[in-house]
Amino acid sequence: MTVTATTARPLSDRAHRIVFELALHDGDWVDVTAIYTRLGLNSHQVRSALNELLSAGMAERRRCPVRSETGCRRTHRTDFRLTDETPSEASA
C-alpha cells in the first residue's frame, strides 16, 4: 500500500488574526490600511500574512486604481476578502 502524505504549512498567528478580521467584514473588500490599523500591526507584517492566506487559497485580492490628492500621480490600492471556498468549522 502506497501512502502519500501532503503536509500543509500551518498558518502563522498573524494570518489567523487576519482571517478573523476579514470574517468580521462578511465578504466585503477590506484594504490593507484598515486591517493593520485595527490589529495594531505594521503594513509589512500584514502583507506577509496576507500572502500566506493567498497561497493557501483562503483569501483573494483586487487592485483598485486610485488618484493621488493632487491628481497627478496614479497609484492603486489593494483590497482583500476571504474566498467563498474557505472551509468552516461547522462543516468539519
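This report concerns the structure included in the present document. Everything numeric here is computed off the predicted structure, so don't read it as measured data.

## A few points about the sheet that holds strand S1 (residues 30-31)
In sheet architecture, strand pairing relies on hydrogen bonds along the backbone and comes in two forms, parallel and antiparallel.
Then comes step 1: The strand order S1-S3-S2 describes an open sheet built from three strands, whose pairing is antiparallel. Edge strands, defined here as strands with exactly one partner in the open sheet, are S1 and strand S2 (59-67).
Then comes step 2: Here S2 pairs with strand S3 (residues 74-82) via nine bridges, running antiparallel. When the bridges of S3 are listed, Arg61 appears paired with Phe80.
Then comes step 3: Contacts from helix H1 (residues 13-24) reach S1 and S3 within the one sheet, and its direction differs from that of S3 by about 90°.

## Digging into the side chain of Glu21
Then comes step 1: Looking at the element boundaries, Glu21 is found in helix H1.
Then comes step 2: With relative accessibility at 5%, the residue Glu21 sits in the buried group.
Then comes step 3: In this structure Glu21 touches Ile35, Arg38 and Leu39, once residues within four positions along its chain are discounted.

## A word on the pattern of salt bridges
Then comes step 1: Summed over the entire model, instances satisfying the criterion amount to four salt bridges.
Then comes step 2: Put simply, Arg38 and Glu21 hold a salt bridge, and the shortest N to O gap is 2.9 Å. Of this pair, Arg38 sits in helix H2 (residues 32-39) while Glu21 sits in helix H1; the two residues are 17 residues apart in sequence, bridging distant segments of the chain.
Then comes step 3: When the shortest N-O distance is used, the salt bridge between Asp79 and Arg62 registers 3.3 Å. Here Asp79 is found in strand S3, whereas its partner Arg62 is found in strand S2, with 17 residues between them in sequence.
Then comes step 4: Its relative accessible area of 3% is what places Asp79 among the buried residues.
Then comes step 5: When salt bridges with common partners are traced through the structure, they connect Arg62, Arg77 and Asp79 into a single cluster.

## Structural notes on H1
Then comes step 1: Its twelve residues place the ends of H1 17 Å apart at the C-alpha level, agreeing with the 16 Å of an ideal helix rising 1.5 Å per residue.
Then comes step 2: Of all the positions in H1, only Ala15, Ile18, Val19, Glu21 and Leu22 are classed as buried. Summarising the axial view, the buried residues of H1 lie within an arc of 165°, below the 170-degree limit, and thus occupy one face. Residues Asp13, Phe20 and Leu24 are exposed on H1 and point more than 90 degrees away from its buried face.
Then comes step 3: Of the surrounding secondary structure, the elements contacted by the buried residues of H1 are S1, H2, helix H3 (43-56) and S3.
Then comes step 4: Positive phi appears at Asp26, one or two residues downstream of H1, with a value of about 50°.

Quick notes on the rules
- Residues numbered from 1 in each chain as written.
- Predicted model: local features only at pLDDT ≥ 70, side-chain atom pairs only at ≥ 80, totals over all residues.
- Heavy atoms only, no water.
- Pairing = 2+ DSSP bridges.
- Helix = DSSP H or I, 4+ residues; strand = E, 2+ residues; numbered from the N terminus.
- Contact = heavy atoms within 4.5 Å.
- Axes fitted to C-alpha atoms, helices over the stretch in contact; angles between N-to-C directions.
- Buried < 20%, exposed > 50% of the residue type's maximum accessible area, 1.4 Å probe, protein only.
- Salt bridge = Lys/Arg side-chain N within 4 Å of Asp/Glu carboxyl O.
- Expected span 1.5 Å × (residues − 1).
- Arc of directions from axis to C-beta.

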